[in-house]
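Chain by chain, the residues:
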Amino acid sequence: MRGGVARGALKARRRQGRRGGGMAEVKVAVLGGSGAGKSALAVRFLTRRFIGEYASSAECIYTKHLCLDGRQIHLEIYDPCSQPHRGKLSLTDELHWADGFIIVYDISNRASFAFAKALLYRIRESHIRVCKKMVESSIFLVGNKQDLCHMREVGWDEGQKLAIDNKCQFCELSAAEHYQEVVAMFTKVLRNITSSFKLKEKRRPSGSKSMAKLINNVFGKRRKSV
C-alpha cells in the first residue's frame, strides 16, 4: 500500500505507539540521495515488482502486514521525496519516528555515496548526542545498482569500511535483478529491530515490581529517617 503523507504525519504516527494484540509495529526509514533507488528497493520488497524510473515530490509511507519468525508485524516504510545532495541535512522527524534505517547509495554514482556518508554521520551524531541509542537502532547501508558494475565509481571495500566505521551492516545488491537479496536485507533489518524490542521488554521491570520499588523508595526512606 502506498499513500502520500505530510511531514507532520511522522510525528502523528509516532504518537500512536505500539499496536496491541501481540502485533509488533515496526517503522523503517529508507533514505538516500536522488536516483539511488530508495523507492525501487521498497517496492521490490513489498510487491516483487521492479520500477526502473521513479521520481516523486511527495513523501510516502508504505504499510504491510507480515509474519516474521512466527510473530505478526505491522510494517511501515517511510520513503521521503528525493533528497538533494546539497543543502542542509535535517532528519529530526525521521530520527524520532524510525526504529531502523536503510541508507541507500548508487555504486555508479560517487555523489550518492558521499550523501549516504553524510546521512550516517547525521544519524550517529544524533544518537550519541541526544538519545545515545546507536546500538538500539538497526542501520543497514546498501550499495544499490550492482547490475551497473561496469559503471562502478564506488568500490565494495569503500562501502564495507563506511559501514564498519559507523557500526552498521552492509551489502551490495541490485533492486532490478536481486529480489531474494532485497528480501534478505529487509528481513535482517526487521529481525534486528524486533530483537531490540525483546531486549527492551526484558530490561523493563514489570508493573508490580515497579510499584514495589516505588513504595520501598518512598516508605523505606521514611522509616530510616525516623
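Predicted, not measured: the structure shown is a model, and the values here were computed from it.

A. Main features of the pattern of salt bridges. Here the structure, examined in full by the defined rule, presents six salt bridges. Here K27 ties to E25 by a salt bridge, and the two come within 2.6 Å at their closest N and O atoms. Judged by its relative accessible area of 2%, E25 falls in the buried class. Across the pair R152 and E172 runs a salt bridge whose closest N-O atoms are separated by 2.8 Å. Of this pair, R152 sits in the loop between strand 6 (138-144) and helix 5 (156-165) while E172 sits in strand 7 (residues 169-172), and the two are 20 residues apart along the sequence. Note on R152: relative accessible area 30%, which makes it partly exposed. With a relative accessible area of 8%, E172 lands in the buried category.

B. The side chain of T194, seen in detail. Secondary-structure assignment places T194 in helix 6 (residues 179-203). For T194, a relative accessible area of 8% translates into the label buried. Here the side chain of T194 touches R191 through a polar contact of 3.1 Å, landing on its backbone oxygen. When sequence neighbours within four positions are dropped, the list of residues in contact with T194 reads V26, L68, R71 and I73.

C. Here's a closer look at the pairing of strand 5 (residues 100-106). The element strand 5 is largely enclosed, with a buried count of seven among its seven residues. Of the two faces of strand 5, the one carrying G100, I102, V104 and D106 and the one carrying F101, I103 and Y105 are both buried. Taken together, the five bridges between strand 2 (residues 24-32) and strand 5 define a ladder with parallel strand orientation. Residue pairing for strand 5: V30 is matched across the bridge by I102. Bridge analysis of strand 5 against strand 6 gives seven bridges, and the strand direction is parallel. From the neighbouring strand, G100 faces strand 6, where its bridge partner is S138.

D. Summary view of the side chain of S138. On the secondary structure map, S138 appears in strand 6. Once residues within four sequence positions are removed from consideration, S138 is found in contact with D99, G100, F101, V189, N192 and I193.

E. Summary view of helix 2 (residues 38-47). Most of helix 2 is tucked away, with nine of its 10 residues classed as buried. Among all positions of helix 2, only K38, S39, A40, L41, A42, V43, R44, F45 and L46 are buried. Phi turns positive, to about 75°, at R48, one or two residues after helix 2.

The rules we used
- Residues numbered from 1 in each chain as written.
- Predicted model: local features only at pLDDT ≥ 70, side-chain atom pairs only at ≥ 80, totals over all residues.
- Heavy atoms only, no water.
- Salt bridge = Lys/Arg side-chain N within 4 Å of Asp/Glu carboxyl O.
- Buried < 20%, exposed > 50% of the residue type's maximum accessible area, 1.4 Å probe, protein only.
- Helix = DSSP H or I, 4+ residues; strand = E, 2+ residues; numbered from the N terminus.
- Polar contact = N/O pair within 3.5 Å; in protein donor to acceptor, adjacent residues only side chain to side chain.
- Contact = heavy atoms within 4.5 Å.
- Pairing = 2+ DSSP bridges.

Treat this as a map of the structure, not an account of what it does.
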